[in-house]
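# Architecture at a glance
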Amino acid sequence: MAKGEGAESGSAAGLLPTGILQAGERPVQVKESKKKNQLSICNKLCYAVGGTPYQVTGCALGFFLQIYLLDVAQVDPFSASIILFVGRAWDAITDPLVGFCISKSPWTRLGRLMPWIIFSTPLAIIAYFLIWFVPDFQQGQTLWYLLFYCLFETLVTVSMGRGAGSPWGLRGWCPKPHVCPASDWPRASLPCQCFHVPYSALTMFISTEQSERDSATAYRMTVEVLGTVLGTAIQGQIVGQAHTPCVQDANASTVALEGVNRTQSTTSLRETQNAYLLAAGVIASIYVICAVILTLGVREQREPYETQQAKPMPFFRGLRLVMSHGPYIKLIAGFLFTSLAFMLVEGNFALFCTYTLGFRNEFQNLLLAIMFSATVTIPIWQWFLTRFGKKMAVYIGISSAVPFLILVALMESNLIVTYVVAVAAGISVAAAFLLPWSMLPDVIDDFHLKQPHIHGTEPIFFSFYVFFTKFASGVSLGISTLSLDFTGYQTRGCSQPARVKFTLKMLVTMAPIVLILIGLLLFKLYPIDEEKRRQNKKALQALREEASSSGCSDTDSTELARIL
């Protein structure tokens, strides 16, 4: 790998006139900079641990919130659809708004980003805990869950930065640093799906040395992958120990329902609610511990030439430029459909296992099998990305889910076969987890080469990509929950009408298949292949080296842009 990188650097240097590149002085400057900005292993671990809260809470909400609202909090399906849609839509809106606010934040003694994390974390913990609390009153339950769901999404955007572009709670991971190193993005970058605002920006500010940021990114991704498994295990195993009592007769009266509850030999509804609170308490404790470690172990650093940068571009002008960039539109269109496919499966998987397949007490173990399989196969997709390219990984990785979805749609209820399908599906989930955020930096690189004098647009690229995917996921989840209401979903029923079972099967199998096929067709229009990506990388590396050595000279940058 070092050989390949050296060849690229040499090719990039050949593009420069001798007046720009001074080979005799560059190695000494680079060596001194690396030594000064080197991060310790402790620093990298502290930074990486900060990613755990996002993944743990994302898994819990993504997999369990729908079934919790319907069967534990006993919210009617129509109200549950409103909560899920408005919560996701609000989360989408807050991403670009918070990103804009943080980009305008001044530097303090603690840095620019750390104050946001420190002061929003306690409020986020309270809001998260109250999402899983069932209030005694019935009239205002919908407002209760809507308020605290939206509040938590806002606060976690501020403190840890949630993203919805990746499925199954695996929010925005970038593969090996040499594939899509976060440090390859300009330091003005703020939102990035796994830690939009401001955690993702810390990648740019923990060190001014690219190799150190790459290394810290690798630590972070490893911990985040483990966080997804941890979140699924904690929520699923604690809640799975408490079996929610169900009603055999869906038309039973309230008095009969209470009688059933009193005579149930399994765990009572109150104990089930307490199990959700216990899981929320464990996850909240992890959130606090990780936030403290992140705060104490990471210190922000400013770029030496940052104060010399020009006045930031007006937001709406930058938005117009970003939205007119062809590769960006084609990329987000393709991933919009593929992400929606996996989000439909994620949001309805628990209900599908419980009622359509009849595995009421096994769905949390099936979820864990999927997440564990995805975690184990991530290194395989990392290798595949570097060996065959990103577009090929999209076609192979995303489409590999289709046969297993078809199998689920056609097979009868069989636990062993379901576990096999779950493990196999995890392979495709891993690919969908990695790919979006490895390709978006390539689009930004292409934009910088075509618009070399335009700075500060990175937050717009990331925020609006997340905005589109989150808003669309809110629509899909709201519509899917609403469709259950139309087909006669019975809250806390031991079984559901045939129409409900059929609807769940369509939501988990056929609808995702159609969305995946549409997304793959759109990817055919995506213009940045491996050859184009390597050319852009060489040219941008030359630009960064020149900016570092000359203090971002406008004259030299103009000359270099003309040559490229």
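Calculation rules
Residues numbered from 1 in each chain as written. Predicted model: local features only at pLDDT ≥ 70, side-chain atom pairs only at ≥ 80, totals over all residues. Heavy atoms only, no water. Helix = DSSP H or I, 4+ residues; strand = E, 2+ residues; numbered from the N terminus. Buried < 20%, exposed > 50% of the residue type's maximum accessible area, 1.4 Å probe, protein only. Contact = heavy atoms within 4.5 Å. Arc of directions from axis to C-beta. pLDDT = per-residue confidence, 0-100. Phe/Tyr/Trp six-rings, centres within 6.5 Å; stacked < 30°, edge-to-face > 60°. Lys NZ or Arg CZ within 6 Å of the ring centre and 35° of its normal. Salt bridge = Lys/Arg side-chain N within 4 Å of Asp/Glu carboxyl O. Core = buried A, V, L, I, M, F, W, Y, C linked by side-chain atoms within 4.5 Å. Domains from an automatic or database assignment. Axes fitted to C-alpha atoms, helices over the stretch in contact; angles between N-to-C directions. Parallel < 35°, antiparallel > 145°, perpendicular 65-115°, else oblique. Nonpolar A, V, L, I, M, F, W, Y, C, P; charged D, E, K, R; others polar.

Another point: the overall build of the chain. The secondary structure content of the chain amounts to 21 helices and zero strands. Out of the 564 residues in the chain, the part that is buried amounts to 57%. Looking at the chain alone, contacts between residues at least 24 apart form 83% of all its contacts between residues at least 6 apart.

Now for helix 12 (residues 315-323). Every buried residue of helix 12 is accounted for by Gly318, Leu319 and Val322. Considered in projection along helix 12, the buried side chains sweep an arc of 105 degrees and stay on one side of the axis. Set apart from the buried face of helix 12 by more than 90 degrees, the exposed residues are Phe316 and Arg320.

Moving on, we get to the confidence of the model for the chain. Put simply, the chain has an average pLDDT of 74, and 71% of its residues get 70 or more. In the model, residues 1-30 has pLDDT below 50 throughout and makes 24 contacts with residues more than four positions away in sequence or in other chains. Overall, residues 252-258 carries pLDDT values under 50, and its contacts beyond four positions in sequence, including any with other chains, amount to three contacts.

This part takes up the packing of aromatic side chains. Evaluation of the coordinates by the stated rule reveals 18 aromatic pairs. Where Trp132 meets Tyr276, the ring centres are 5.6 Å apart and the plane angle is 15 degrees; that geometry is what we call stacked. Here Trp132, found in the loop between helix 6 (114-131) and helix 7 (141-159), pairs with Tyr276, found in helix 11 (residues 269-297); they are 144 residues apart in sequence, far enough to count as distant. Side by side, Trp132 and Tyr276 carry an identical accessibility label, which is buried. Ring geometry for Phe335 against Phe523: centres 4.7 Å apart, planes inclined by 75 degrees, an arrangement best described as edge-to-face. Highlighted residues: Phe335 in helix 13 (residues 326-356) and Phe523 in helix 19 (residues 498-523), separated in sequence by 188 residues. For Phe335, a relative accessible area of 1% corresponds to the buried category. One aromatic cluster is present, built from ring pairs that chain together Tyr68, Tyr128, Trp132, Tyr145, Phe152 and Tyr276. Over the ring of Phe388 we find Arg387, and its NZ or CZ is 5.0 Å from the ring centre.

Here the structure, examined in full by the defined rule, presents three salt bridges. The residue Lys450 makes a salt bridge to Asp446 at a minimum N-O spacing of 3.2 Å. With Lys450 and Asp446 both in helix 17 (residues 415-450), this residue pair falls four residues apart, about one helical turn. Here Lys532 and Asp446 are joined by a salt bridge, their closest N and O atoms 4.0 Å apart.

A few words on the environment of Lys505. Note that Lys505 resides in helix 19. Judged by its relative accessible area of 21%, Lys505 falls in the partly exposed class. Between the alpha carbons of Lys505 and Ala409 there is a distance of 6.5 Å; along the sequence they are 96 residues apart. Residues contacting Lys505, with those up to four places away along its chain left out, are Phe352, Thr356, Val408, Ala409 and Met510.

Grouped together as the largest cluster of nonpolar side chains are 116 residues, with contacts concentrated most on Tyr68 and Trp132. Per element, the largest residue contribution to this core is 15 residues, and it comes from helix 13. Taken domain by domain, this core gets at least three of its residues from each of domain 1 (39-168 + 194-247 + 261-303) and domain 2 (313-547). By size, the runner-up hydrophobic cluster in this structure holds nine residues, among which are Tyr47, Met114, Ile117 and Ile206.

Below, the discussion takes up the packing of helix 6 against helix 11. Where helix 6 contacts helix 11, the axes come no closer than 10 Å and their chain directions differ by 175 degrees. When the axes of helix 6 and helix 11 are compared, the pair comes out roughly antiparallel. In this structure, helix 6 uses Met114, Ile117, Ile118, Thr121, Ala124, Ile125, Tyr128 and Phe129 to contact helix 11, whose residues at the interface are Leu277, Ala280, Gly281, Ile283, Ala284, Tyr287, Val288, Ala291, Leu294 and Thr295. Its residues assigned to classes, the contact of helix 6 with helix 11 comprises 15 nonpolar, three polar and no charged.

Looking now at unusual backbone geometry. One non-glycine residue with positive phi stands out, namely Gln74, at about 60 degrees. One can find Gln74 in the loop between helix 4 (52-72) and helix 5 (77-103).

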